Amino acid sequence: MDDLKFNKFAAGLLCGGLLIMAGIKGAEILLPHHTLEQNAYPIEVADTAGAVTEAAEAPSGPEPILAMLETADLAAGEKISQKCSACHSFNDGGKNKVGPNLWNIVNAGQGQVSGFAYSAALAGLGGQWSYAELNGFLHKPKTWVEGTKMNYNGLKKPKDRADLIAWLRSLSVSPAPLPTAEEIASEAAQ
Ligand code: HEC
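Residues numbered from 1 in each chain as written. Predicted model: local features only at pLDDT ≥ 70, side-chain atom pairs only at ≥ 80, totals over all residues. Heavy atoms only, no water.

**Re the site of the ligand**
Piece 1. Around the ligand sit 26 residues in total, of which Cys-84, Cys-87, His-88, Tyr-118 and Met-150 are the nearest.
Piece 2. Ser-119 places a polar side-chain atom, nitrogen or oxygen, 2.5 Å from an oxygen atom of the ligand.
Piece 3. Here an oxygen atom of the ligand and a side-chain polar atom of Trp-129 are 2.7 Å apart.
Piece 4. Top element by residues in the shell around the ligand is helix H6 (residues 131-139). It accounts for 3 residues.
Piece 5. Its residues assigned to classes, the shell around the ligand shows 17 nonpolar, 7 polar and 2 charged. (Near = heavy atom within 4 Å. Polar contact = N/O pair within 3.5 Å; in protein donor to acceptor, adjacent residues only side chain to side chain. Helix = DSSP H or I, 4+ residues; strand = E, 2+ residues; numbered from the N terminus. Nonpolar A, V, L, I, M, F, W, Y, C, P; charged D, E, K, R; others polar.)

Here it is as structure tokens:
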């Protein structure tokens, strides 16, 4: 190869190289390869299905507490009762205040404390203050008994309700029996 031929050959290589580099740059400009922040063609999926599952999974009622009653902390329950004592007395023969006296309330008839003027909603319940009813009412009074005049938001924490209800149970000459294993199991299955 003489010098001239070699120069042509080298120039050819150089041009080729430059062309390839230009090609790559061009391709980069035309086809940016950084990751897209979101799908370039977003696929619309109606999220009603998600909403339905969420609603079904959200706890709709009060969490179970029956299993917690036996080992509940009565002292903690008594402390929580301070949230109620502006409106309720708890001692035997205690006065009705804004709300009725709550001595011996576990398993007592609903709306039955003598001398207290209940709302029509509560007076019309006609059931008993079972553990389950107390759990539901104390969780969200106004949802559990729509139209009640008990102006209280409720106790969100299951342990607080269990401690308080266990303490309420102790306010009796003969406390209501603790829930049986069957009752605990059927409450958990609900
Ligand atoms: C702001 C006042 C107020 C507070 C606070 C309050 N209550 Fe009441 N409570 C009432 C009133 C009023 C009623 C009667 C509701 C009705 O007639 O609808 C009532 C009714 C009840 C009943 C039904 C009694 C029955 O004889 O049927 C229970 C049980 C009860 N309250 C428990 C509690 C507990 C436990 C707390 C505390 C965690 C509490 N309440 C906090 C005012 C209150």
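On we go.
**Some details on the side chain of His-139**
Piece 1. Its place among the elements puts His-139 in helix H6.
Piece 2. The buried category is assigned to His-139, whose relative accessible area is 10%.
Piece 3. If sequence neighbours within four positions are ignored, His-139 has contacts with Gly-61, Pro-62, Glu-63, Asn-153, Gly-154, Leu-155, Lys-156 and Arg-161. (Buried < 20%, exposed > 50% of the residue type's maximum accessible area, 1.4 Å probe, protein only. Contact = heavy atoms within 4.5 Å.)

**A word on the nonpolar core**
Generally speaking, nonpolar side chains in soluble globular proteins are found buried as a group.
Piece 1. Core analysis: the biggest nonpolar cluster contains 28 residues, and Leu-69, Phe-90, Val-106, Tyr-131, Leu-164, Ile-165 and Leu-168 have the highest contact counts within it.
Piece 2. Listed by contribution, the elements that provide at least two residues to this core are helix H3 (66-69), H6 and helix H8 (158-170).
Piece 3. In terms of residue count, H8 provides more of this core than any other element does, 6 residues in total.
Piece 4. Leave out the neighbours within four places in its chain, and Leu-69 touches Tyr-131, Ala-162, Ile-165, Ala-166, Leu-178 and Pro-179. (Core = buried A, V, L, I, M, F, W, Y, C linked by side-chain atoms within 4.5 Å.)

**Observations concerning the coordination of the iron atom of the ligand**
Piece 1. Taken together, the protein donors to the iron atom of the ligand comprise His-88 (NE2) and Met-150 (SD), at separations of 2.0 to 2.1 Å.
Piece 2. Around the iron atom of the ligand, the 6 donor atoms are arranged such that angles at the metal cover 87 to 178 degrees; this shape is classified as octahedral. Taken together, the residues span a long stretch of sequence, with His-88 in the loop between helix H4 (74-80) and helix H5 (120-123) and Met-150 in the loop between helix H7 (141-144) and H8 at a distance of 62 residues. (Donors = N, O, S within 2.8 Å, 3.2 Å for Na, K, Ca; no water. Tetrahedral: all angles 85-135°; square planar, octahedral: opposite > 155°, others 65-115°.)

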